[in-house]
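Architecture at a glance
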Amino acid sequence: MRNVAAEVAVIGAGPAGLCAAYQARSAGADVLLIDENKLPGGQLFKQIHKFFGSGEHQAGVRGFDIAKALLTRVAESGVRVKLDSLVYGIQPDKSMGLLDAEENCLLRAEKVVIAAGAKENYTPFAGSTLPGVIGAGAAQTMIHINRVLPGKRVVMVGAGNVGLIVSYQLLQAGAEVAAVVEAAPRIGGYGVHAAKIRRAGVPIYVGHTISRAYGGTDGGGDCGAGAGGVEHVEIVRLDENWRPVAGSEFTLDADTVCLAVGLSPMTELIWMAGCRFEYIPAFGGHVPLHDHNMETTVGGLYVAGDVTGVEEASTAMEEGGLAGVAAAEALGYLSASAAARKKAEIAARLNSLREGPFGDARRAAKEKQLAAMARFCSCEAERGAV
Amino acid sequence: MPEGLVYTGIPSAAELAACPGIPSRERTAKGRVAVIECVQEIPCNPCERVCKRGAIKIGERITELPRLDGGLCTGCGVCVALCPGLAITVVDKTYSATEASIDFPYEFLPLPQKGGLVEACGRAGERVCTGRVLAVKKTAAYAGTAVVSIAVPVEFADDVRTMRVLRATEK
């Protein structure tokens with residue numbers, strides 16, 4: 001088995017991983033950045049809208065332009081990048097199994113940053129296995145990476161930011177969006193995203209859900225999903241206890257159903273490494289404990305981005321930067337004072353992204369996660385003292 | 001069905017009335033001015049940064065709503081293309097004796113042609129009236145967003161916020 005070594009291994013070349021790699025490398029560390037995809041950038045290349053935040057967060061710049069700039073910085077800094085390569089396992093001593101161009105390798109690194117991102121949730125309903133029922137992320141990949149329209153007329157399930165943004169992107173790509181349905185009594189995503197698709201004539205049904213998707217003819221008409229795929233979508237109103245109201249059903253013609261029903265952190269490697277977790281629903285489920293350096297309960301193993309709790313790309317980039325700085329400091333590439341200065345700057349930017357009515361829940365969730373880490377550390381210290 | 005942005009995706013009349021980005025009736029009567037329909041506290045402040053006249057204020061806490069100073073705003077429209085939420089228009093109720101002009105961000109293809117007629121639409125995408133295209137601007141600084149200016153009867157100036165391109169059969 002071939003050995004691969006680096007001072008810092010960063011797993012996942014999305015916004016968090018790119019920033020972690022850049023910070024650690026520019027401090028002087030030898031950094032290997034690994035991604036299972038053929039292209040780096042994670043979800044950034046599918047984010048064609050202008051980002052929010054402030055100038056320091058690159059507000060007003062479109063996601064794919066942020067990705068291009070990040071990739072240039074990472075390449076110029078001298079980070080080694082391995083694409084189409086999969087880290088499939090990790091031991092508590094942080095040695096990793098790596099498939100590098102189909103070759104099984106043993107990867108060892110003094111510091112490891114896991115920035116594996118999140119995966120889309122699924123929701124079952126009658127007909128949810130029909131061709132034409134896809135994740136909203138899949139629709140984004142088809143439009144922006146493969147340049148294929150997933151369907152001609154789409155029903156979007158979920159009015160969080162993903163559902164709203166992907167609806168707008170489907171319209172821009174030339175599809176019709178028949179409706180956005182949201183089971184909650186209110187729109188979860190930013191109002192400005194909702195307003196954009198409303199102005200384009202898309203109805204948003206809050207307090208409604210999809211009850212059934214069905215076809216009818218074998219040929220599937222000229223619908224994108226093809227033979228046997230979705231042709232009709234039944235929507236039903238929900239009462240205050242989230243139960244379907246009999247008789248409230250109505251049917252829309254559509255060849256595609258996009259599910260935008262939340263994301264879950266991709267924590268498999270972190271579990272495997274033996275890290276401690278906390279269940280935080282606001283972050284999408286079980287998330288690894290970490291400290292202000294983004295270091296987990298396994299020394300030298302850092303986490304950043306959606307894998308620490310689902311937020312968005314701007315916070316992922318800042319968390320990645322924190323992890324990169326902390327790893328470089330731990331390796332002796334940054335003095336304590338230089339690292340403290342960098343970390344304080346990043347922390348201030350992170351805080352401003354977790355303000356306001358949309359940030360409150362995430363800020364509280366992050367505080368809970370950090371507090372759980374502090375409790376774990378003090379328990380360990382006591383145990384050590386005994 | 002309750003009203004308001006979080007229920008319908010449309011800012012209600014009450015939300016707009018309370019919105020600090022909306023110019024006063026007196027200011028609007030004087031001519032071109034930005035109308036910032038930003039009613040929800042999200043972390044975002046490019047409008048403040050791009051306004052060279054200092055007419056838009058948010059401050060340190062970037063989730064505060066933008067406040068428009070109608071006295072400083074000249075209606076230059078730089079903010080229209082650069083608001084990530086596409087929430088700003090420039091309205092000129094003095095465009096002519098009978099018409100107002102509305103400048104709004106537009107991110108669909110095909111772009112309309114100057115001098116052409118379009119369907120002027122409201123906040124729910126509903127047709128309000130016919131609009132005449134005065135200008136289509138898409139500079140490099142706008143980063144992909146076009147700003148379309150259309151003329152509509154002045155009585156619709158508060159309702160028209162976007163447009164649809166008319167298909168050949170509808171002209």
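Residues numbered from 1 in each chain as written. Chains lettered and ligands numbered in written order. Predicted model: local features only at pLDDT ≥ 70, side-chain atom pairs only at ≥ 80, totals over all residues.

**Here's the deal with the overall build of chain B**
The following threshold applies: The secondary structure listing takes helices from DSSP runs of H or I that are at least 4 residues long and strands from runs of E that are at least 2 residues long, numbered from the N terminus. Partly exposed residues are those whose C-beta has more than 12 but fewer than 20 other C-beta atoms within 10 Å; 20 or more makes a residue buried and 12 or fewer makes it exposed, with C-beta atoms placed from the backbone. Residue pairs are scored as contacts if the distance between their C-beta atoms, which are placed from the backbone, is within 7 Å.
Scanning chain B from N- to C-terminus turns up five helices and nine strands. Along its sequence from the N terminus, chain B presents helices and strands in the succession α-α-α-β-α-β-β-α-β-β-β-β-β-β. Expressed as lengths along the three principal axes of its C-alpha atoms, the size of chain B is roughly 50 × 40 × 30 Å. By the burial criterion, 43% of the 171 residues in chain B qualify as buried. For chain B, restricting intrachain contacts to residue pairs at least 6 apart in sequence, the fraction spanning at least 24 positions comes to 57%.

**Digging into the sheet that holds strand β6 (residues 117-121) of chain B**
Residue and element names in this part refer to chain B. Put simply, the rule reads: What makes two strands pair is DSSP finding at least two bridges between them. Fitted lines through C-alpha atoms give the axes, limited to the stretch in contact for helices. The angle between two N-to-C directions lies from 0 to 180 degrees.
Spatially, the seven strands line up as an open sheet ordered β1-β4-β5-β8-β7-β6-β9, and their pairing is antiparallel. At either end of the open sheet lies a strand with only one pairing partner, and these are β1 (33-36) and β9 (162-165). Taken pair by pair, the neighbouring strands of this sheet meet at an average axis angle of 40°, ignoring direction. Where β1 lies against strand β4 (residues 88-92), four bridges are found, and the strand directions are antiparallel. Within the sheet, the bridge partner assigned to V35 lies in β4 and is T89.

**Considering the pairing of strand β2 (residues 31-34) of chain A**
Residues and elements named next belong to chain A. Threshold: Whether a crossover is right-handed comes down to one check: with the strands pointing away from the viewer, does the path from the first strand over the helix to the second run clockwise; if it does, it is right-handed.
The alternating pattern of β2 places V31 and L33 on one face and L32 and I34 on the opposite face, and all of these are buried. Where strand β1 (residues 2-11) and β2 come together, four bridges link them in parallel fashion. Residue pairing across strands places I11 opposite I34, the latter belonging to β2. Each parallel crossover has a hand, and the one from β1 via helix α1 (residues 15-26) to β2 is right-handed. As defined by bridge partners, β2 adjoins strand β3 (residues 80-82) across three bridges and the pair is classed as parallel. Residue pairing across strands places L32 opposite R80, the latter belonging to β3. For the crossover from β2 across helix α2 (residues 63-77) to β3, the handedness is right-handed.

**Focus: the interface of chain A and chain B**
Keep this limit in mind: Polarity classes work like this: nonpolar for Ala, Val, Leu, Ile, Met, Phe, Trp, Tyr, Cys and Pro, charged for Asp, Glu, Lys and Arg, and polar for all others, with Gly in that last group.
Taken together, the contacts link 34 residues of chain A with 34 residues of chain B. Of all the secondary structure elements, the ones that give two or more residues to the side of chain A that touches chain B are α5 (191-199), β11 (204-206), α8 (336-353) and α9 (356-385) of chain A. Here the side of chain A that touches chain B gets eight residues from one element, more than from any other, and that element is α5 of chain A. When grouped by side-chain class, the residues that make up the side of chain A that touches chain B number 16 nonpolar, eleven polar and seven charged.

**Focus on the nonpolar core**
Defined as follows: By definition, a nonpolar core groups buried Ala, Val, Leu, Ile, Met, Phe, Trp, Tyr and Cys residues that are joined through C-beta atoms within 7 Å.
Counting 163 residues, the largest nonpolar core has V10, V113, I114, V155, V257 and C258 of chain A as its most contacted members. When residues no more than four places from it in sequence are discounted, the contact partners of V10 of chain A are G17, A20, A21, V31, L33, I34, V113 and A115 of chain A.

**Digging into the sheet that holds strand β9 (residues 153-157) of chain A**
Whenever strands of a sheet pair, they do so through backbone hydrogen bonds, lying parallel or antiparallel. Residues and elements named next belong to chain A. If you walk across this open sheet you meet the five strands as β8-β15-β9-β10-β11, and the pairing is parallel. The open sheet has two free edges, formed respectively by β8 (133-135) and β11, since each of these has just one partner strand. Going from strand to strand, the sheet's axes swing by 20° on average, the running direction of each strand aside. By the bridge criterion, three bridges tie strand β10 (residues 176-182) to β11 in an arrangement that is parallel. Paired with E182 across the strands is V206, a residue of β11. The sheet contacts of helix α3 (residues 136-145) involve β8, β9 and β15 (256-259), and relative to β8 the element is tilted by about 85°. Taken strand by strand, helix α4 (residues 161-173) contacts β9, β10 and β15, and its axis lies near 170° from that of β10.

**Looking at the domain arrangement of chain A**
All names here are of chain A. Let me state the cut-off plainly: Where each domain begins and ends is defined by an automated method or by a domain database.
Per the domain assignment, the segments making up chain A are domain 1 (2-118 + 263-385) and domain 2 (122-259). Inter-centroid distance (C-alpha atoms) of domain 1 to domain 2 is 32 Å. Each partner contributes residues to the interface: domain 1 has four residues there, and domain 2 has six residues. Per-class residue counts for the side of domain 1 that touches domain 2 are two nonpolar, one polar and one charged.

**Overview of the pairing of strand β18 (residues 285-288) of chain A**
Look at any regular strand and the pattern is simple: side chains alternate between the two faces of the sheet. Residues and elements named next belong to chain A. Examined bridge by bridge, strand β17 (residues 277-280) and β18 share four bridges and lie antiparallel to one another. By the bridge assignment for β18, E278 is matched with V287. The turn joining β17 and β18, which pair antiparallel and follow one another in sequence, is formed by four residues; a positive phi near 95° is taken by G284.

**Side note on helix α7 (residues 313-330) of chain A**
Residues and elements named next belong to chain A. Here is the rule we go by: In this scheme, a helix's expected span is set at 1.5 Å multiplied by one less than its residue total.
Taking 1.5 Å as the rise per residue, α7 with 18 residues should run 26 Å; its terminal C-alpha atoms sit 26 Å apart, in good agreement. Here α7 lies mainly inside the structure; 18 of its 18 residues are buried. Positioned one or two residues after α7, G332 has a phi angle of 90°, which is positive.

**A look at the confidence of the model for chain B**
What counts here: What pLDDT reports is the predictor's confidence in each residue, on a scale of 0 through 100.
Per-residue confidence for chain B averages 95 on the pLDDT scale, and 97% of its residues sit at or above 70. Across the interfaces of the predicted complex, the ipTM metric reaches 0.96, alongside a pTM of 0.93.

**Points about the confidence of the model for chain A**
Detailed reading of predicted coordinates is not advised where the pLDDT is low. With 97% of its residues at a pLDDT of at least 70, chain A reaches an overall mean of 94. Throughout residues 219-225 of chain A the model reports pLDDT below 50, and contacts reaching past four residues in sequence, or to other chains, amount to 26 contacts.

**Here's the deal with the environment of C44 of chain B**
Considering the arrangement of structural elements, one finds C44 of chain B in the loop between β1 and α4 (46-50). Exposure remark for C44 of chain B: the 30 C-beta atoms within 10 Å place this residue in the buried category. Between the alpha carbons of C44 of chain B and G85 of chain B there is a distance of 9.0 Å; along the sequence they are 41 residues apart. When neighbours within four sequence positions are excluded, C44 of chain B is seen to be in contact with F52, G53 and A59 of chain A together with I62, P84 and G85 of chain B.

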